[in-house]
Amino acid sequence: MNRKLQKITSIILVVIMFLSCVPLNGWTTTGLLNFTVKAAEEEKKLQIGNASELVSFAKNVNAGNTYAGYTVVLTANIDMSDVAWSPIGYNFNNYFAGVFDGKNHTISNLNSSISIDAANIINTPYHTIGLFGMCSSATISNIILENTKFSITNSSGYQNDYSSIDGTCVFAGGVCGYAENTTISNVIVSNTTISSYTGAEAGRAYAGGIVGYARNGCNITYCSVESGSVSGKSDSSVADCVAGGIVGEMLNEGSIARCANRAAVDGGHSISAAYTGGICGKASNSSSTLSMIRDCYNTGNVLHTGSWLETGYVGGIIGYSYSTVINCYSAGAVKANTNTVGGSVNVN
């Protein structure tokens, strides 16, 4: 009996010694830690494969989830025909801050129209329009957008600081209306209609084939607008308007590189300045470091159709440039009823 007990005890000791020497993932302290980290990484990925999932994602962002640290991936082409669309993010409290990778899938038939007037200017949060309304510190890539229509107007008599997203400016972009410190690359927009308009006492109107307003270090690369139209117009007595084939206005150390526009660009103002360009309407900086536009071309017609003659800035590449422009060309017609017209770069 004692021998049997001794034998059992010896076997138990051997097993204990073996387990103490051999790490078992998922059970040792190190294994549990690795498993937890792996699970956390997997939790920070979101896959979207149909219209309802895309709408749900937009609603989550607009409810305050920025998805910072997440990678959002499209797993299939998505047709948004007959689906009501509100852009992903719309102000500085509700914006997208993650990574969105389309994996070269197509989102087609997005259609959204927003109209702001005196009755709803305070209560309506949507002053931006596009696939995304507002992005900050985000990365967006590898998307094809086909047959999109985005229109935003503000006919309100109410006016606030037009540099504020909570004012009465309107921001329209094929990919994003308003982007801050955001990278956008490898995006194709085709057969698009993008328009923004502000009325007599409203703020500035921004329109861009990719981004309406890009500020504070935005980088736009390898993007193209293949066909359609981009329009930014205003009758505001207190603000101007901007329209660009790729970006409406770029502010503070941004860059547009290896991009192409083939869409018509139309800008015009009845009272104040309009900035219109085949690639970018206006580039400006509050620092000594200039924004950069390089290796881009435009073949779309660039028009200034407003009645204000003295301060319309129109160019085949850029209307008003406080930036460095390198190796760019424009082959589209540039027409305007203003005395400030440039074939490629107007005011530099």
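Residues numbered from 1 in each chain as written. Predicted model: local features only at pLDDT ≥ 70, side-chain atom pairs only at ≥ 80, totals over all residues. Heavy atoms only, no water.

### Comments concerning the nonpolar core
Here is step 1: Core analysis: the largest hydrophobic core is formed by 62 residues, its most contacted members being Phe57, Trp85, Ile88, Phe96, Ile210, Ile220 and Ile256.
Here is step 2: No other element matches helix α3 (residues 51–62), which puts six residues into this core.
Here is step 3: Ile88 has contacts with Leu54, Phe57, Ala58, Val61, Asn62, Phe96, Leu131, Phe132, Gly133 and Met134, leaving out every residue within four places of it along the chain.
Here is step 4: Among the nonpolar cores identified, the runner-up in size contains eleven residues, and Met134, Tyr178, Tyr206 and Val242 belong to it. (Core = buried A, V, L, I, M, F, W, Y, C linked by side-chain atoms within 4.5 Å. Buried < 20%, exposed > 50% of the residue type's maximum accessible area, 1.4 Å probe, protein only. Helix = DSSP H or I, 4+ residues; strand = E, 2+ residues; numbered from the N terminus. Contact = heavy atoms within 4.5 Å.)

### Remarks on the pattern of salt bridges
Here is step 1: With the rule as written, the count across this model stands at eight salt bridges.
Here is step 2: Measuring nitrogen to oxygen at the nearest pair gives 3.5 Å for the salt bridge that ties Asp295 to Arg294.
Here is step 3: Judged by relative accessible area, which is 32%, Arg294 ranks as partly exposed. (Salt bridge = Lys/Arg side-chain N within 4 Å of Asp/Glu carboxyl O.)

### Quick notes on unusual backbone geometry
Here is step 1: The backbone of Asn104 sits at a positive phi, close to 65°, despite the residue not being glycine.
Here is step 2: Considering the arrangement of structural elements, one finds Asn104 in strand β4 (residues 99–108).
Here is step 3: A relative accessible area of 54% means that Asn104 is categorised as exposed.
Here is step 4: Although it is not a glycine, Asn327 sits at a positive phi angle of roughly 55°.
Here is step 5: Along the chain, the position of Asn327 falls in the loop between β28 (323–326) and β29 (329–330).

### What about the confidence of the model for the protein chain?
Here is step 1: Scored by pLDDT, the protein chain has a mean of 83; 76% of the residues are at 70 or more.
Here is step 2: Every residue in residues 22–40 is under pLDDT 50, and counting partners more than four places away or in other chains gives six contacts.
Here is step 3: Scored below 50 in pLDDT, residues 160–166 shows 19 contacts in the model against residues more than four places distant or in partner chains. (pLDDT = per-residue confidence, 0-100.)

### Focus: the environment of Gly89
Here is step 1: Mapped onto the secondary structure, Gly89 falls in the loop between β3 (78–79) and β4.
Here is step 2: Given a relative accessible area of 0%, Gly89 falls into the buried group.
Here is step 3: As for Gly89 and Tyr178, which are separated by 89 residues in sequence, their C-alpha atoms are 9.5 Å apart.
Here is step 4: Sequence-distant contacts of Gly89, that is, excluding residues within four places in its chain, are made with Val61, Asn62, Asn94, Tyr95, Thr128, Gly133 and Met134.

### Structural notes on the pairing of strand β26 (residues 312–315)
Here is step 1: Because side chains alternate across β26, one face comprises the buried residues Gly312 and Val314, and the other comprises Tyr313 and Gly315, equally buried.
Here is step 2: As paired strands, strand β21 (residues 274–277) and β26 are joined by four bridges and run parallel to one another. Following the sheet pairing, Tyr275 is matched in β26 by Tyr313. (Pairing = 2+ DSSP bridges.)

### Looking at the packing of aromatic side chains
Here is step 1: For the structure shown, the criterion picks out 15 aromatic pairs.
Here is step 2: When the ring of Tyr178 is compared with that of Tyr213, the centres are 5.1 Å apart and the planes differ by 75°; the resulting orientation is edge-to-face. Linking Tyr178 in strand β10 (residues 176–180) with Tyr213 in strand β13 (residues 211–215), this pair joins segments that are 35 residues apart in sequence. Per residue, the accessibility class of Tyr178 equals that of Tyr213, and both read buried.
Here is step 3: Centroid distance Tyr206 to Tyr213: 4.7 Å. Interplanar angle 40°. Geometry classified as tilted.
Here is step 4: Feature note: the residues Phe57, Tyr67, Tyr70, Phe96, Phe100 and Phe132 constitute an aromatic cluster, connected by ring pairs.
Here is step 5: Positioned above the aromatic ring of Tyr275, the side-chain terminus of Lys282 is 4.4 Å from the ring centre.
Here is step 6: Above the ring of Tyr320, the side-chain terminus of Lys282 is found at 5.9 Å from the ring centroid. (Phe/Tyr/Trp six-rings, centres within 6.5 Å; stacked < 30°, edge-to-face > 60°. Lys NZ or Arg CZ within 6 Å of the ring centre and 35° of its normal.)

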